[in-house]
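Given next are the chains, with one letter for each unit.
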Amino acid sequence: MKTLSYILLLTFSTHFSSTKIWIQVNDELPIYESTVRIIEGEHIVLQTEASGNWVEIKPVLKEYDNLSDGIHKIKAIDYKVNKIGVKDNEEKLKLESLVPGTHYYGRFKKSVTSFTSKKPIHLESDSIVQIIVRKDNSYTGVLTELLNLPFIIPPKVISDYGHQTDLCIGTDCAELAIYGMRRLGYKIPYCGPKNIYKYTKKTSEVKSGILLHFGFQVSVLYKDKGIVGVLDKEDLLIHAFEDKVEIIPFGHTKLSKLPYKLYEWKF
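Scope of this entry: the structure provided in the associated data block. (Residues numbered from 1 in each chain as written. Predicted model: local features only at pLDDT ≥ 70, side-chain atom pairs only at ≥ 80, totals over all residues. Heavy atoms only, no water.)

Here we take up the nonpolar core. The biggest cluster of nonpolar side chains holds 30 residues, and the ones touching the most others in it are Y139, A177, I196, L211 and W265. For this core, the elements supplying multiple residues, two or more each, are α3 (139-143), α4 (173-183), β16 (218-223), β17 (236-241) and β19 (261-265). For this core, the leading source of residues is α4, giving 7 residues. Sequence-distant contacts of Y139, defined by excluding residues within four places in its chain, comprise A177, G180, M181, L184, G209, L211, V220 and W265. V55, F115, I158 and I169 belong to the second largest nonpolar core, which has 17 residues in total. (Core = buried A, V, L, I, M, F, W, Y, C linked by side-chain atoms within 4.5 Å. Buried < 20%, exposed > 50% of the residue type's maximum accessible area, 1.4 Å probe, protein only. Helix = DSSP H or I, 4+ residues; strand = E, 2+ residues; numbered from the N terminus. Contact = heavy atoms within 4.5 Å.)

What follows is about the sheet that holds strand β3 (residues 44-47). The 3 strands lie next to each other as β1-β3-β7, forming an open sheet whose pairing is antiparallel. The sheet terminates laterally at β1 (22-25) and β7 (92-95), the two strands that pair on one side only. In this sheet, adjacent strand axes meet at a mean angle of 20 degrees when their direction is disregarded. Pairing between β3 and β7: 4 bridges, direction antiparallel. Residue pairing across strands places I44 opposite L95, the latter belonging to β7. (Pairing = 2+ DSSP bridges. Axes fitted to C-alpha atoms, helices over the stretch in contact; angles between N-to-C directions.)

A separate point is the pattern of salt bridges. For the coordinates displayed, the defined rule picks out 11 salt bridges. Ionic pairing is found between R183 and E145, a salt bridge with its closest N-O pair at 2.8 Å. With a gap of 38 residues between them, R183 in helix α4 and E145 in the loop between α3 and β11 (151-153) connect regions that are remote in the sequence. For E264, the salt bridge identified is with K201, shortest N-O distance 4.0 Å. (Salt bridge = Lys/Arg side-chain N within 4 Å of Asp/Glu carboxyl O.)

The next subject is unusual backbone geometry. The peptide bond linking I153 to P154 adopts the cis configuration, its omega dihedral lying at -20 degrees. Tracing the sequence through the fold places P154 in the loop between β11 and β12 (157-158). Even without being glycine, N148 reaches a positive phi, approximately 60 degrees. Within the element layout of this structure, N148 appears in the loop between α3 and β11. For E242, which is not a glycine, the phi torsion comes out positive at approximately 70 degrees. When you line up the elements, E242 lands in the loop between β17 and β18 (244-249).

With respect to the helices and strands, S127 occurs in the loop between α2 (121-124) and β10 (128-134). Accessibility expressed as a relative area gives 0% for S127, which makes it buried. Engagement of the side chain of S127 in a polar contact is seen with the side chain of S125, the distance being 2.6 Å. (Polar contact = N/O pair within 3.5 Å; in protein donor to acceptor, adjacent residues only side chain to side chain.)

See the structure below:
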C-alpha cells in the first residue's frame with residue numbers, strides 16, 4: 001500500500017504545475033486563496049500569468065466506501081478534467097453563472113483527462129482553486145454548497161486538513177444535514193444517522209429544513225412544493241443518497257415508499 005500511495009503522489013505532482021491563481025469576486029481586489037465561497041449570482045475571475053490550459057475538474061459521482069480498506073483508510077476520489085474553450089495564453093478566466101455547489105478550476109501545463117486523490121486537490125496544488133457556491137444564507141441555502149459532490153460512506157477526517165464534509169470533498173446523508181448547522185455556527189459533531197437524534201426532536205410540521213429520518217438515511221426537506229403543510233411527491237428533498245448530493249422531488253426517489261419520521265433541530 002505504501003508503494004501505491006507513492007505512485008499516486010508522484011502522479012499528482014507530475015500532472016500539476018506550481019501555478020499561482022488569483023481570484024477576483026465581483027469587482028473586489030484579487031485574492032490568492034485556495035477556496036472562495038460566494039452566493040449564486042456573483043461572478044468570479046481567475047487570473048494567472050503561467051502558461052497552460054484552463055480546465056474544469058469534476059469528481060466522479062459514485063459511492064466511495066471509506067470502510068472497504070479498513071477503518072483507518074480513506075478511499076481516493078476519482079476526478080475528470082475537461083479543457084475549457086479559451087486560448088491557452090489567456091491570463092484570465094471569467095465565470096459569471098456558476099450554479100450552487102462545489103466547483104474546481106485550474107490551469108495545467110500538461111494534458112491530463114483524469115486523476116485520483118485522497119487529499120483535497122485545491123490544498124495539494126496551487127494550480128487548482130475550489131469555488132463554493134450557495135443559494136442563500138439560510139440553512140437549506142448553505143446545504144446547496146455540497147450539491148454534485150460524491151457520496152462518501154462515511155466521510156472521515158483527513159490528517160492535516162480536516163473533515164471531508166467541511167472540506168466540501170464529499171459527504172453522506174447525516175453529515176450533509178449536520179454540515180448546514182455547522183456552517184450556521186452550531187457546534188454539532190459529525191455523528192451519522194444513528195446519533196443525529198441527540199440534536200433533533202420529533203415534529204409534525206412540514207416546512208423547509210425539517211429532517212426525514214428513514215433509519216439508515218437522513219434527507220432534508222428543501223422546499224414544500226406540493227400541498228402546503230403536507231409531505232407529498234412534489235416536495236423537494238436535498239440529500240446525499242446512493243451516488244451524489246442532489247435536490248430531487250420526493251416522489252422520484254426510492255425513499256418515497258419507505259417509512260420515515262420527521263425531526264427538526266433543537267437549536
